[in-house]
Amino acid sequence: MKKVSDILARKGGGAITIDAETSVLDALRLMDDKNIGSVIVTENGDYLGLLTERDYARKVILKGKSSDETTVREIMTTDLPHIIPDNSVETCMHIMSENNIRYLPVFRNDKLSGIISINDLVTETILTHLETIEHLKSYIHS
């Protein structure tokens, strides 16, 4: 059974962070530069929450706020479930489905060690299926 640690090993554990007092516009520029849909929000290096494109759409655009006057702290998501590297891919899929979320922060010893997305889970599932297919082919041909 594949685990979060397998995903982090494949993609790397580093996550892009931004300070909570940064403007939403600057955060969006960073997300665009890095071609990512979320960014970890920190204060003095400590994890506070996550800013996603969904946060921007629902908490800035739809509410008529200004992207350059609103800070990341005002719209970030703070109540995401925390997972650990030993959690299974299946557990993470269940958590994401139950909570209707697309990202999960990963903690090791109460310290942020990365972030996984629904895309990471789908990719890992596909890779697992391909691995199984190759094992079956090898078994059949031996």
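Residues numbered from 1 in each chain as written. Predicted model: local features only at pLDDT ≥ 70, side-chain atom pairs only at ≥ 80, totals over all residues. Heavy atoms only, no water.

Caption draft 1: Geometry of the overall build of the protein. The helix and strand tally for the protein stands at six helices and five strands. When the helices and strands of the protein are read in sequence order from the N terminus, they spell out α-β-α-β-β-α-α-α-β-β-α. For the protein, the C-alpha atoms occupy an extent of roughly 65 × 30 × 30 Å along the three principal directions. Here the analysis covers contacts within the protein between residues at least 6 apart in sequence; of these, 54% occur between residues at least 24 apart. Of the accessible surface of the protein, which amounts to about 8,700 Å², a share of 49% is contributed by carbon and sulfur atoms. (Helix = DSSP H or I, 4+ residues; strand = E, 2+ residues; numbered from the N terminus. Contact = heavy atoms within 4.5 Å. Areas by Shrake-Rupley, 256 points an atom, 1.4 Å probe, with all protein chains shown as cover.)

Caption draft 2: Examining the environment of glycine 37 more closely. Position of glycine 37 relative to the elements: it lies in the loop between α2 (24-34) and β2 (38-43). Each C-alpha atom of the pair glycine 37 and histidine 129 lies 26 Å from the other, and the pair is 92 residues apart in sequence. With sequence-adjacent residues up to four places away left out, glycine 37 is seen in contact with Met31, Leu51, Thr52, Glu53 and Tyr103.

Caption draft 3: Representation of the confidence of the model for the protein in the model. For the protein, mean pLDDT is 93; residues scoring 70 or higher make up 99% of the total. In the model of the protein, helix α6 (residues 118-141) stands out as the element of lowest mean pLDDT, 89, in contrast to helix α4 (residues 72-75), which has the highest, 97. (pLDDT = per-residue confidence, 0-100.)

Caption draft 4: Summary view of the packing of helix α5 (residues 89-99) against α6. As a packed pair, α5 and α6 sit with axes 10 Å apart at the nearest point and diverge in direction by 145 degrees. Two packed elements cross with a definite hand, and for α5 against α6 that hand is left-handed. Residues Val89, Cys92, Met93 and Met96 of α5 touch α6, and the partners they reach there are Ile118, Leu121, Val122, Glu124 and Thr125. Looking at the contact of α5 with α6, its residues break down into seven nonpolar, one polar and one charged. (Axes fitted to C-alpha atoms, helices over the stretch in contact; angles between N-to-C directions. Left-handed = near helix turned anticlockwise from the far one by under 90°. Nonpolar A, V, L, I, M, F, W, Y, C, P; charged D, E, K, R; others polar.)

Caption draft 5: A look at the packing of helix α1 (residues 4-11) against α6. Here α1 crosses α6 at 95 degrees, and the two axes come no closer than 10 Å. One element, α1, and the other, α6, form an angle in the roughly perpendicular class. Along the contact surface, α1 presents Asp6, Ile7, Arg10 and Lys11, while α6 presents Asp120, Leu121, Thr123, Glu124 and Leu127. (Parallel < 35°, antiparallel > 145°, perpendicular 65-115°, else oblique.)

Caption draft 6: Quick look at the sheet that holds strand β3 (residues 46-52). One open sheet accounts for three strands, arranged β1-β2-β3; its pairing is mixed. Two strands close off the open sheet at either side, each with one partner strand: β1 (17-19) and β3. Direction aside, neighbouring strands of the sheet carry axes that sit 40 degrees apart on average. Sheet topology places β1 next to β2; three bridges connect them, and they run parallel. Looking at the pairing, aspartate 19 lines up with threonine 42 of β2. (Pairing = 2+ DSSP bridges.)

Caption draft 7: Seen up close, a nonpolar patch on the surface. Where nonpolar side chains cluster on the molecular surface, the patch consists of Ile118, Val122, Ile126, Leu127, Leu130 and Ile133 and spans about 470 Å² of accessible area. Checked against the element boundaries, isoleucine 126 lands in helix α6. (Patch = residues over 30% accessible without salt bridge, like charges linked within 9 Å, V, L, I, M, F, W, Y side chains within 5 Å. Salt bridge = Lys/Arg side-chain N within 4 Å of Asp/Glu carboxyl O.)

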